[in-house]
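Chain residues, written in single-letter form:
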Amino acid sequence: MALMTKNNKIKICFISGSRSDYGIASFLLKKMKKTKNINLSFIATCMHLSAHYGNTFKEIENDGLKITKKIYLPLNTNKKKNFSKSASVALIKFSNVLSSLNPDLVLLVGDRYESFAAAYASLILNIPIAHLHGGELTLSSIDDTMRHSITKMSAIHFVSHTIYKKRVVQLGENPKNIYSVGSLGVENIIKIPKFKKKEIEKKINLKFNKNNFLVTLHPETINGREFEKLIPVLMNYLKRFKDTNIVFTSPNSDPGNLIIKNIINKFCKRDRKKFRYIKSMGQKLYFSYLKYCDVVIGNSSSGIIEVPSFRIPTINIGSRQEGRIKPASVIDTNYSFKLFKKALAQILLGKFKKKIEKMKNPYYKKNTSGKILKIL
């Protein structure tokens, strides 16, 4: 596939709606900015532009990247009806902005509804799409369907594992346009400098304790009720731990997020010397905290993909990440409180952590960003 360019520059537009997809692509985008034959534009939308999620567009700007256009979307998405309305607004606004920018290529990450809307707008406008992290599975989330749909609308595919490459082939895509390059998020762990322990404590206003947990709970869009019933039970159990700090990061904007936020906020009010809710840590602070963390708890893809590089355990709750390739550091507990208790006890005894000391992260490949740039 040849791209028509002006002045020998490829006009690439990156579209990001959340801290997660920007975090994955951040190092690649910084490289693109410095590449002479790429003209990079950046559309920030959705959670980036909301105070409820930390106004993370500021992190983009602090990284030295210029936001070409901000697209505001209605984020009262606690109900599925409002969620679909937000997606329809996104489609209209993306169509208008992309028509104006007229890029040669749109670069998208993952599976969120705003990425789906951006992909559909690009398809109708006949703008080729390069897609990161296709071929993966999250069987208990509607994101699974949207990810595969984005794959079918895309021309170039950068997948994080050879198994995912096979799945994209099964979806009917041309093998010549599918590249198994590893995960950009995992590469970022190596490239991004980390804060020192005292710097972390100052930034989160919380001193490290004997045990330090990091918890991220996203809504489950298919088995939501079962998951929501489990959360208060887990919280009631976690509050009993002595000499233990718990840092919570914000759930994403999927339907059901307000229920989880309210539970977390109420929990953190119990003891502000031990519990902390942070809307957005930013990638540098997040990776820095993981260096000193004992366990990651929740249902985030980061616990499956990036966290294993730190050789610390992940307790994966529920079925949101069902279908992903799981490194040895991940313990699945489904919706069982009994399995969760057993997993946490096993981790705190220290034996499990010794088992994964020499574990290799299956999502790591050398020079992921360099390979993607060369292919583009």
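Our subject is the structure listed above.
This one's a predicted model, so the numbers in the text were calculated from it and none came from an experiment.

Quick look at helix 10 (residues 257–268) now. Along its twelve residues, helix 10 runs 17 Å from first to last C-alpha, staying within 8% of the 16 Å computed at 1.5 Å per residue. The set of residues buried in helix 10 consists of Asn257, Ile260, Lys261, Ile263, Ile264, Phe267 and Cys268. Buried residues of helix 10, seen end-on, are gathered within an arc of 165° and therefore sit on one face of the element. Turned more than 90 degrees off the buried face of helix 10, the exposed positions are Asn262 and Lys266. Turning to helix 10, the residues buried within the fold contact helix 9 (224–238), strand 9 (244–249) and strand 10 (275–278).

We now examine the pairing of strand 1 (residues 10–16). Counting buried positions over the seven residues of strand 1 gives six, a clear majority of the element. Direction of pairing for strand 1 relative to strand 2 (residues 38–45): parallel, over a ladder of seven bridges. Looking at strand 2, one finds that Lys11 is bridged to Asn39. The parallel pair strand 1 and strand 2 is bridged by helix 1 (residues 19–34), and the resulting crossover is right-handed. Relative to strand 4 (residues 105–109), strand 1 runs parallel, the two sharing three bridges. Looking at strand 4, one finds that Ile12 is bridged to Leu105.

Let us now look at the sheet that holds strand 2. Pairing is parallel across the open sheet formed by seven strands, whose spatial order is 3-2-1-4-5-6-7. At either margin of the open sheet sits one strand with a lone partner, and together these are strand 3 (69–71) and strand 7 (178–180). Here the average twist between neighbouring strands, direction ignored, is 20°. Here helix 5 (residues 143–153) sits on the sheet and contacts strand 4, strand 5 (129–132) and strand 6 (156–159); the angle it forms with strand 5, its principal contact strand, is near 145°.

What counts, and at which threshold
Residues numbered from 1 in each chain as written. Predicted model: local features only at pLDDT ≥ 70, side-chain atom pairs only at ≥ 80, totals over all residues. Heavy atoms only, no water. Helix = DSSP H or I, 4+ residues; strand = E, 2+ residues; numbered from the N terminus. Expected span 1.5 Å × (residues − 1). Buried < 20%, exposed > 50% of the residue type's maximum accessible area, 1.4 Å probe, protein only. Arc of directions from axis to C-beta. Contact = heavy atoms within 4.5 Å. Pairing = 2+ DSSP bridges. Right-handed = clockwise from strand over helix to strand, strands pointing away. Axes fitted to C-alpha atoms, helices over the stretch in contact; angles between N-to-C directions.

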